[in-house]
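This is what each chain is made of:
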Amino acid sequence: MINFNVPPYVGNELKYIEEAIQHQKICGDGIFTKKCSEWFEKHMNAKKVLLTTSCTHATEMAALLLDLKPGDEVIMPAYTFVSTADAFVMRGAVPVFVDIRPDTMNIDENLIEAAITERTKAIVPVHYAGVSCEMDKIMEIARKYNLAVVEDAAQGVMSSYKGKALGTIGDYGCFSFHETKNYSMGEGGALLINDEAHVEMAEIIREKGTNRAKFFRGQIDKYTWMEAGSSYLPSDMNAAYLWAQLEIADEINEKRLRIWNTYYEKLKELKEKKVIELPCVPEGCIHNGHMFYIKAKDLEERTRLISYLKEKEIMAVFHYIPLHTAPAGLKYGRFHGEDKYTTRESERLVRLPMYYALEVEQAEKIAETVKEFYAE
Ligand SMILES: *Cc1c(COP(=O)(O)O)cnc(C)c1O
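Rules behind the numbers
Residues numbered from 1 in each chain as written. Predicted model: local features only at pLDDT ≥ 70, side-chain atom pairs only at ≥ 80, totals over all residues. Heavy atoms only, no water. Helix = DSSP H or I, 4+ residues; strand = E, 2+ residues; numbered from the N terminus. Rg over C-alpha atoms; globule rule 2.2 N^0.38 Å. Buried < 20%, exposed > 50% of the residue type's maximum accessible area, 1.4 Å probe, protein only. Contact = heavy atoms within 4.5 Å. Areas by Shrake-Rupley, 256 points an atom, 1.4 Å probe, with all protein chains shown as cover. Lys, Arg positive; Asp, Glu negative; His and termini not counted. Charge placed at Lys NZ, Arg CZ, Asp CG, Glu CD. Phe/Tyr/Trp six-rings, centres within 6.5 Å; stacked < 30°, edge-to-face > 60°. Lys NZ or Arg CZ within 6 Å of the ring centre and 35° of its normal. Pairing = 2+ DSSP bridges. Near = heavy atom within 4 Å. Polar contact = N/O pair within 3.5 Å; in protein donor to acceptor, adjacent residues only side chain to side chain. Salt bridge = Lys/Arg side-chain N within 4 Å of Asp/Glu carboxyl O. Axes fitted to C-alpha atoms, helices over the stretch in contact; angles between N-to-C directions. Left-handed = near helix turned anticlockwise from the far one by under 90°. Nonpolar A, V, L, I, M, F, W, Y, C, P; charged D, E, K, R; others polar.

## Concerning the overall build of the protein
- Each helix and strand counted, the protein has 13 helices and 13 strands in total.
- The globule rule puts the C-alpha radius of gyration for 376 residues at 21 Å, and the 21 Å found for the protein is close to it.
- Evaluated residue by residue, the protein yields a buried proportion of 55% over its 376 residues.
- Contacts in the protein between residues at least 24 apart in sequence constitute 70% of all its contacts with a sequence separation of at least 6.
- With an accessible surface of roughly 16600 Å², the protein has 51% of that area assigned to carbon and sulfur atoms.
- Computing the positive centroid from 46 side-chain charges and the negative centroid from 57, the protein places the two 1 Å apart.

## Some points on the packing of aromatic side chains
- Counting across every chain of the model gives 18 aromatic pairs.
- Grouping aromatic residues by their ring pairs yields a cluster made of Tyr79, Phe81, Tyr128, Tyr293 and Tyr320.
- Sitting over the ring of Tyr356, Lys255 keeps its end group 5.3 Å from the ring centre.

## A short note on the environment of Met185
- With respect to the secondary-structure elements, Met185 resides in the loop between β8 (172-176) and β9 (189-193).
- Distance in space between the C-alpha atoms of Met185 and Lys268 is 34 Å, their sequence separation being 83 residues.

## Notes on the pairing of strand β11 (residues 292-295)
- Every second residue of β11 is oriented toward a common face, with Phe292 and Ile294 on one face and Tyr293 and Lys295 on the other, all of them buried.
- Note: β11 against strand β13 (residues 349-352), 4 bridges, orientation antiparallel. Across the sheet, Phe292 pairs through a bridge with Leu352, a residue of β13.

## Overview of the site of the ligand
- Lining the immediate surroundings of the ligand are 15 residues, of which Thr56, Asp152, Gln155, Ser176 and Lys181 lie closest.
- Gln155 places a polar side-chain atom, nitrogen or oxygen, 2.8 Å from an oxygen atom of the ligand.
- For the ligand, whose unbound accessible area comes to 380 Å², protein coverage reaches 93%.
- Elements with a contribution of two residues or more to the shell around the ligand: α3 (55-65) and α4 (82-89).

## A closer look at the pattern of salt bridges
- Taken as a whole and judged by the stated rule, the model has 24 salt bridges.
- With a closest N to O distance of 3.0 Å, Lys121 and Asp72 form a salt bridge. Taken together, the positions of Lys121 in strand β4 (residues 120-123) and Asp72 in the loop between α3 and β2 (73-77) put the pair 49 residues apart, joining distant regions of the chain.
- Relative accessible area serves as the criterion here: at 4%, Asp72 is assigned to the buried category.
- Between Glu113 and Lys144 there is a salt bridge, and its shortest N-O distance comes to 2.7 Å. One end of the pair, Glu113, is in the loop between β3 (94-98) and β4; the other, Lys144, is in helix α5 (residues 135-145), and 31 residues separate them in sequence.
- Overall, the relative accessible area of 28% leaves Glu113 in the partly exposed class.
- A relative accessible area of 59% means that Lys144 is categorised as exposed.

## Comments concerning the environment of Thr342
- Within the element layout of this structure, Thr342 appears in helix α12 (residues 342-346).
- For Thr342, a relative accessible area of 0% puts it in the buried group.
- Spatially, the C-alpha atoms of Thr342 and Ile100 are 5.7 Å apart, while their sequence positions differ by 242 residues.
- Not counting residues within four places of it along the chain, the set of residues in contact with Thr342 comprises Ala78, Tyr79, Val98, Asp99, Ile100, Pro322, His324 and Phe335.

## A look at the packing of α3 against α4
- For the pair α3 and α4, interaxial distance at closest approach is 8 Å and the crossing angle is 35 degrees. Of the two possible hands of crossing, α3 and α4 adopt the one that is right-handed. Of the residues in α4, those in contact with Thr56, Thr59, Glu60 and Ala63 of α3 are Ser83, Ala87 and Phe88.
- For the contact of α3 with α4, the per-class residue count stands at 3 nonpolar, 3 polar and 1 charged.

In structure tokens, the structure reads:
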């Protein structure tokens, strides 16, 4: 059977976890946490990167940093993971959903401006499948209306938009290192802070509201409770697991792209015959092979395709149920404008197996099986 996902494991993870244990520092901000944060700062050209316990928590930190008040509004797509909305709902803010573009499944940048009200505080673009949103346009709107931008770059680690790493374009960027993502530490994430002025507050929020980070740097001689905060630091053992993958980050990225390109090349014929649709990567976007999806004609065809693949021992899955149709989405948010593509496109989308351990030959076989389905 070919699994849908296998968590990344490259070989040195246990060795580094053991090193963390030998250092007798397994709590947060140990040597591996430091190595990982510095790696991201250097490779993504980010001002400051703080490892967190998840991408959800990184987004919660961003919501705290924005000092949102109940009733404030945050614009985002409804086609996303629950965390994108949850982090803001926890602060009493209202997610205002706008429609997506059918080509990238990302927020339609041309619909954002009309959704802005007096209460709008932020825009949260989600870089679906590691393919960037139209950030120039989004940043231009944000500047015009003085709104913050929090990039949900959970899937976008190592992707870029016009030469800039995803997560470093808005005010804040959020990464995920969940086991389903390109680089993993089991559960984990990172907050990218792109304005130096917000770094100190972010460190305080992450350390239970204390200025402990400053204390450890020797900048003050005792630490104390400064603000409302929480505990968003991951254990250094988890960071050690992640470090093994960052050491070979390019190799992981290249492997995923090889698989992605194999799928694309093999299935191009079906796309040209207009039988299925394939992902679109707009000009200026470099993606990271996070996901390979195809779009069937409709929900019924998708359901048949998924069970056909399952019979052939290939696990393919659909993705998000649009948030505005979920019980919590109805309770806490609202959809602005018409849902022209969000529901329709989400019902057609199927994700094919995609992970570091997947062999190119397996991807070829999967693509062949998809072709067999459509030949029948
Ligand atoms: C995975 C994911 C998240 C959540 O990440 P966690 O690290 O599990 O909290 C948020 N947003 C998107 C778009 C994701 O894909």
